[in-house]
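# Analysis of the macromolecular model
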Amino acid sequence: MTHATPSLSLIVPAYNEEANIAETVRQIAAEAARLVPGFEIVIVDDGSRDGTCAAALEIGKTIPLRLLRFSRNFGKEQAIMAGLNAARGDAVVILDADLQEPISYLEPMLKHRAEGYDMVYAVRANRADEGIAKRLFTRVFYKFINYGGETSIPEDARDFRLMDRKVVNALCALPENNRFMKGLYSWVGFRSIAVPIKLAPRKGGSSKFGFRSLLRHGLTGMTSFTNWPLRVWTGIGFGIAVLSILYGFWIFLRTLFFGVDVPGWSTLTVAVFLLGGVQLISVGVLGEYLARVFAEVKGRPGYIIAEEIETTSEGK
Ligand code: UDP
Ligand code: MG
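Here goes a summary of the coordinates provided. In this convention, every chain numbers its residues from 1, walking through the sequence in written order. Each chain gets a letter, beginning with A, and each ligand a number, beginning with 1, in the order they are written. Totals for whole chains, interfaces and linings use all residues, but because this is a predicted model, local features are given only for residues with pLDDT of at least 70 and pairs of side-chain atoms are given and counted only at 80 or more. In computing side-chain properties, one takes all heavy atoms of the structure into account and sets aside hydrogens as well as water.

When a residue's accessible area, from a 1.4 Å probe over protein chains only, is under 20% of the maximum for its type it is buried; when over 50% it is exposed; and in between it is partly exposed. Secondary structure follows DSSP: runs of H or I at least 4 residues long count as helices, runs of E at least 2 residues long count as strands, and numbering of each begins at the N terminus. Among the seven residues that make up strand β2 (residues 39–45), seven are buried, leaving the element largely enclosed by the rest of the structure. The pairing of strand β1 (residues 8–14) with β2 spans seven bridges and is classified as parallel. Counterpart to S9 in the pairing with β2 is E40. When the strands point away from the viewer, a crossover counts as right-handed if the path from the first strand over the helix to the second runs clockwise. Traced from β1 through helix α1 (residues 21–35) to β2, the parallel crossover comes out right-handed. Between the parallel elements β2 and strand β3 (residues 66–70), the chain passes through helix α2 (residues 52–60) in a crossover that is right-handed. Strands pair, by our definition, only if DSSP identifies at least two bridges between them.

Our focus in this paragraph is the sheet that holds strand β8 (residues 305–310). In space, the eight strands of this open sheet follow the order β7-β5-β6-β4-β1-β2-β3-β8, with mixed pairing throughout. Edge positions in the sheet fall to β7 (192–197) and β8, since each of these pairs with one other strand and no more. Averaged over all neighbouring strand pairs, the angle between strand axes comes to 20°, with direction disregarded. Summarising the sheet, β2 and β3 pair through four bridges and their orientation is parallel. Bridge assignment links I43 to a residue of β3, and that residue is L67. Two residues form a contact once any of their heavy atoms are found within 4.5 Å. The axes used here are C-alpha line fits, helices contributing only the stretch in contact, and every angle between their N-to-C directions lies in the interval 0 to 180 degrees. Packed onto the sheet, helix α4 (residues 106–114) meets β1, β4 (91–94), β5 (119–124), β6 (157–164) and β7 and runs at close to 45° relative to β6. Together, β4, β5 and β6 form the strand contacts of helix α6 (residues 165–173), whose direction differs from that of β6 by roughly 115°.

So, to be careful, I would describe these as geometric facts and stop short of saying anything about function.
Shown next, in the form of C-alpha cells:
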C-alpha cells in the first residue's frame, strides 16, 4: 500500500531487465510490507529497449509503483539520481533489478537505522565469483582513488543501501551532473555502517557493465575525486629537470677533461622518445580532467525523463 508520505522509498534502476523486474517488485513489496508501515516502489527505466516497461506496468496492476522512464539510456548513476530526486520517503533504499542483492538484508539495514545510523550500505563479503583480472583492477583502482583524498571510498561497497532523508537531500543538493555515486555517498558523510552481504547470481538477462563501461565509469570516479594525477607532473618534471642539469654538468666536466668523443646518439634517441611519451601521458591526464570540466560547464542535465507513470492496484 502506498501512502502520501511513505516511510520508505525503494528505488530500482532497471536497464533491459524484462526477465527480472516483475519478480524483483514482487519480492520488494512483500518484504517492505512486512517491515514498514508505508512504502513506495520507484522504478527508473533507464532507456530499456526490451519489455522492461511493459513488464513493470503489468506487475504495477497488482502492486502499486511509480515508473520513471528515461528518454534514452543515461546510465545507472543517473537512474539512481532520478530515483533519489523523485523519492518521497523518510528513508530510501536503492537496489538492483536483477535480484543479486537479496532483499532479506533490508531487515538488518532497518535495524541499524533504528540504532541511529543515517546510511547503511552493503559490502560484498567476497569477490570469489569474479575473475582475478577484475579483482586486481578493482584493488588498484581503489588504491588510486583513495590516495591522498579527503574521502575514503570503501572498496567493496555497493549501491545497495538505506539512506535517511537528510542524506538523500544532501546528495540531491549537489550540483554536479557527471556523478560517481560511490564517491558521493562517502563525500556527504553522515553516520554510516556497512552490512556484509552475499551476492546471489544474476537471475536473468546479462550484466550491463563490460570492461569498457567500467573503465569509463572508473575515469569519471578518478577525475571526480582526485587531484593528485594533475599535480604529480610537477614533481616528475622537476625530477627530470634536476637530473638533466646534473647530466649536463657531467658532460661539461667530461668534455673539459677528456675532450669530445663520438656523440651518444642512443642517449639522445632514448631521451627524445622517453620525454615525448612522458609529455603525452601528462597531456592525456590533463585532457581527462578538462573533459570533465567541459561536461560540467555545458550544464546539461544528467538525465531526461520522458514519462512518469504512477500505477494503482486494480479495484482499489
Ligand atoms: N543499470 C541501469 N543502467 C545501465 C546499466 C545498468 O540502470 O546503464 C541497472 C541494471 O538494470 C541493474 C543495476 O543497474 O539493476 C546493476 O547492473 P548489472 O546487474 O548489469 O551490474 P553488475 O551487477 O553486473 O555489476
Ligand atoms: Mg547485477
